[in-house]
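# Descriptive structure summary
Each chain is listed here by its residues.
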Amino acid sequence: TSKHNGGCLHLIGGVMEITHSKINKCIGTNGGFAHITSTAVLKLTRSRINDSIALRGGGVYMNDHSNLVLLSSLIQNTNAFDRGGGIYANNDAAITMKGTKIRNSFLTSTEDSRGGWLYMGRNVDVFGFGNSVENTKSLNGACISMDPSMHVVEGINCSNAYSFEAGTIFIDGGSVNLDD
């Protein structure tokens, strides 16, 4: 638990790989489990992130050209107050996923909350194959919320997404390429 960024991990630059691990009950301001920034790369393989809470990015908060790689992993029961119940990504961040499941990502604010699973700020891309996102809730964008800029999203299957106002995917301007 941290009063600041990254409840369990704060990665500034560099590369970190986590394999065959279970990480539970992390609490942070930006990034319940992790805060990654400044070209950092965080790779999770066959790992579980459970029960994480934050103001933004219930599971992971990422920005400034950082990369998150999720391979055959599970992220579940993540909550944020404002944006990105599961992941908050901004400023040229990239997410690569393969065979990963995201379950039970929620936003708890009733005012302008965005992205039950994923909040995409400026120039964020998500690439994937064989991924599922289940049981997400938000005021706007129950699965994904995108701010104005260019985004690419592929290989994500979102189901049981509940939005109080604005759909499974909420796009606030800009350009989006959705594939598969």
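Scroll up to find the structure this text is about.
Residues numbered from 1 in each chain as written. Predicted model: local features only at pLDDT ≥ 70, side-chain atom pairs only at ≥ 80, totals over all residues. Heavy atoms only, no water.

### Topic: the overall build of the chain
The cut-off we apply is this: The numbering of helices and of strands both runs from the N terminus, where a helix is a DSSP run of H or I of at least 4 residues and a strand a run of E of at least 2. Our radius of gyration looks at C-alpha atoms and nothing else; its globule reference is 2.2 Å times the residue count to the power 0.38. Contacts between residues were defined by any pair of non-hydrogen atoms, one from each residue, lying within 4.5 Å.
Assigned secondary structure in the chain consists of zero helices and 21 strands. Taken over the C-alpha trace, the chain has a radius of gyration of 14 Å; the compact-globule value for 180 residues is 16 Å, and the two agree within 12%. Counting only C-alpha atoms, the chain reaches 35 × 30 × 25 Å along its principal axes. In the chain, once contacts between residues fewer than 6 apart in sequence are set aside, the share between residues at least 24 apart is 84%.

### Some thoughts on the sheet that holds strand β8 (residues 60–62)
Definition in use: For two strands to pair, DSSP has to find at least two bridges joining them. For helices, the fitted axis covers only the stretch in contact; all axes are lines through C-alpha atoms, and the angles between them, taken along N-to-C directions, range from 0 to 180 degrees.
The strand order across the open sheet built from seven strands is β1-β5-β8-β11-β14-β17-β20, with neighbouring strands paired in parallel fashion. Of all the strands in the sheet, the pair left with one neighbour each is β1 (9–12) and β20 (169–171). Along the sheet, successive strands turn relative to each other by an average axial angle of 5°, direction set aside. Two strands pair when backbone bridges link them, and β1 and strand β5 (residues 34–37) are joined in this way by four bridges, in the parallel orientation. Following the sheet pairing, His10 is matched in β5 by His35.

### Observations concerning the pairing of strand β12 (residues 94–98)
Note that strand β9 (residues 67–71) and β12 share five bridges and pair parallel. Bridge pairing in β12 places Leu70 opposite Met97. With five bridges connecting them, β12 and strand β15 (residues 125–129) associate as parallel partners. Its bridge partner lying in β15, Lys98 is registered against Phe129.

### A word on the state of the cysteines
Worth spelling out the cut-off: Pairs of cysteine sulfur atoms within 2.5 Å are what we label disulfides.
If you walk through the whole model with that rule in mind, you get two disulfides. Each sulfur in the disulfide pair Cys8 and Cys26 lies 1.9 Å from the other. Measuring the twist about the S-S bond at about -95°, one finds the Cys8-Cys26 disulfide to be left-handed. Of the two residues, Cys8 is situated in the segment before β1 and Cys26 in the loop between β3 (22–24) and β4 (27–30); the sequence distance between them amounts to 18 residues.

### Section: the pattern of salt bridges
The following threshold applies: The salt bridge criterion pairs a side-chain nitrogen of Lys or Arg with a carboxyl oxygen of Asp or Glu, the two atoms within 4 Å. Exposed residues in this analysis have more than 50% of their type's maximum accessible area, buried residues have under 20%, and partly exposed residues fall in between, with area computed by a 1.4 Å probe over protein chains only.
This structure, assessed with the given rule, holds six salt bridges. Here Asp82 makes a salt bridge to Arg83, at a shortest N to O gap of 3.8 Å. Relative accessible area serves as the criterion here: at 14%, Asp82 is assigned to the buried category. For Asp172, the salt bridge is made with Arg114, and the minimal N-O distance between the two is 3.2 Å. Note that Asp172 is positioned in the loop between β20 and β21 (175–179) and Arg114 in the loop between β13 (101–107) and β14 (118–120), a separation of 58 residues in sequence. Several salt bridges share partner residues, and in doing so they unite Arg56, Asp82 and Arg83 into one network.

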